[in-house]
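Okay, here's what each chain looks like letter by letter:
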Amino acid sequence: MTRDDYKFADLQPDLVDEIKIAERKLSERSGQPITLIAYRSDAEQPNDSDGER
């Protein structure tokens, strides 16, 4: 597996907000800044027929 196997995930704004909340909680608990990055694997293409990402 290489870095080229992953692309940034295309997330809806509400999902980005959830990531920001998780970052804030983890940062508070760990005492250090935490950044979460959402990637998707090209091997796992989203199924557009069910409307989920």
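Residues numbered from 1 in each chain as written. Predicted model: local features only at pLDDT ≥ 70, side-chain atom pairs only at ≥ 80, totals over all residues. Heavy atoms only, no water.

Could you give an account of the overall build of the chain, with specific residues and numbers?
Each helix and strand counted, the chain has one helix and two strands in total. Each helix and strand of the chain, placed in order from N terminus to C terminus, yields the pattern β-α-β. By the burial criterion, 4% of the 53 residues in the chain qualify as buried. Long-range contacts, defined as pairs at least 24 residues apart, comprise 66% of the intrachain contacts of the chain with a sequence gap of at least 6. A total accessible area of about 4,900 Å² is found for the chain, and carbon and sulfur atoms account for 49% of it. (Helix = DSSP H or I, 4+ residues; strand = E, 2+ residues; numbered from the N terminus. Buried < 20%, exposed > 50% of the residue type's maximum accessible area, 1.4 Å probe, protein only. Contact = heavy atoms within 4.5 Å. Areas by Shrake-Rupley, 256 points an atom, 1.4 Å probe, with all protein chains shown as cover.)

Residues and numbers for helix H1 (residues 13–30), please.
Three or four residues apart is the spacing at which side chains of an α-helix point the same way, because the helix has 3.6 residues per turn. Over its 18 residues, H1 extends 26 Å from the first C-alpha to the last, a length consistent with the 26 Å expected when each residue adds 1.5 Å. Downstream of H1 by one or two residues, Gly 31 has phi in the positive range, about 75 degrees. (Expected span 1.5 Å × (residues − 1).)

Quick one: what's the story with the packing of aromatic side chains, residue by residue and with numbers?
Scanning all chains against the criterion turns up one aromatic pair. Look at Phe 8 and Tyr 39: their rings are 5.1 Å apart centre to centre, the planes differ by 15 degrees, and that puts the pair in the stacked class. With Phe 8 in strand S1 (residues 6–8) and Tyr 39 in strand S2 (residues 39–41), the pair connects residues that are 31 residues apart, well separated along the chain. (Phe/Tyr/Trp six-rings, centres within 6.5 Å; stacked < 30°, edge-to-face > 60°.)

How would you explain the side chain of Glu 23 if you had to name every residue and give the values?
Tracing the backbone through its elements, the reader meets Glu 23 in helix H1. Put simply, Glu 23 is tucked away with no salt bridge, and the nearest opposite charge, on Lys 20, sits 7.2 Å away. At 2.8 Å, the side chain of Glu 23 and the backbone nitrogen of Leu 36 are in polar contact. With residues up to four places along the chain from it excluded, the contact list for Glu 23 reads Ile 34, Thr 35 and Leu 36. (Lys, Arg positive; Asp, Glu negative; His and termini not counted. Salt bridge = Lys/Arg side-chain N within 4 Å of Asp/Glu carboxyl O. Polar contact = N/O pair within 3.5 Å; in protein donor to acceptor, adjacent residues only side chain to side chain.)

Help me get a handle on the environment of Arg 24, residues and values and all.
Relative to the assigned elements, Arg 24 resides in helix H1. Residue classification places Arg 24 among the partly exposed positions, given a relative accessible area of 47%. In this structure the C-alpha to C-alpha distance between Arg 24 and Thr 35, which are eleven residues apart in sequence, comes to 8.7 Å.

Could you give me a rundown of the side chain of Ser 41, with the residues and numbers involved?
As for its position among the elements, Ser 41 is in strand S2. Once residues lying within four places of it in the same chain are set aside, the contact partners of Ser 41 are Asp 5 and Tyr 6.

Residues and numbers for a nonpolar patch on the surface, please.
A surface patch of nonpolar side chains, amounting to about 440 Å² of accessible area, comprises Tyr 6, Phe 8, Ile 37 and Tyr 39. Relative accessible area serves as the criterion here: at 41%, Tyr 39 is assigned to the partly exposed category. (Patch = residues over 30% accessible without salt bridge, like charges linked within 9 Å, V, L, I, M, F, W, Y side chains within 5 Å.)

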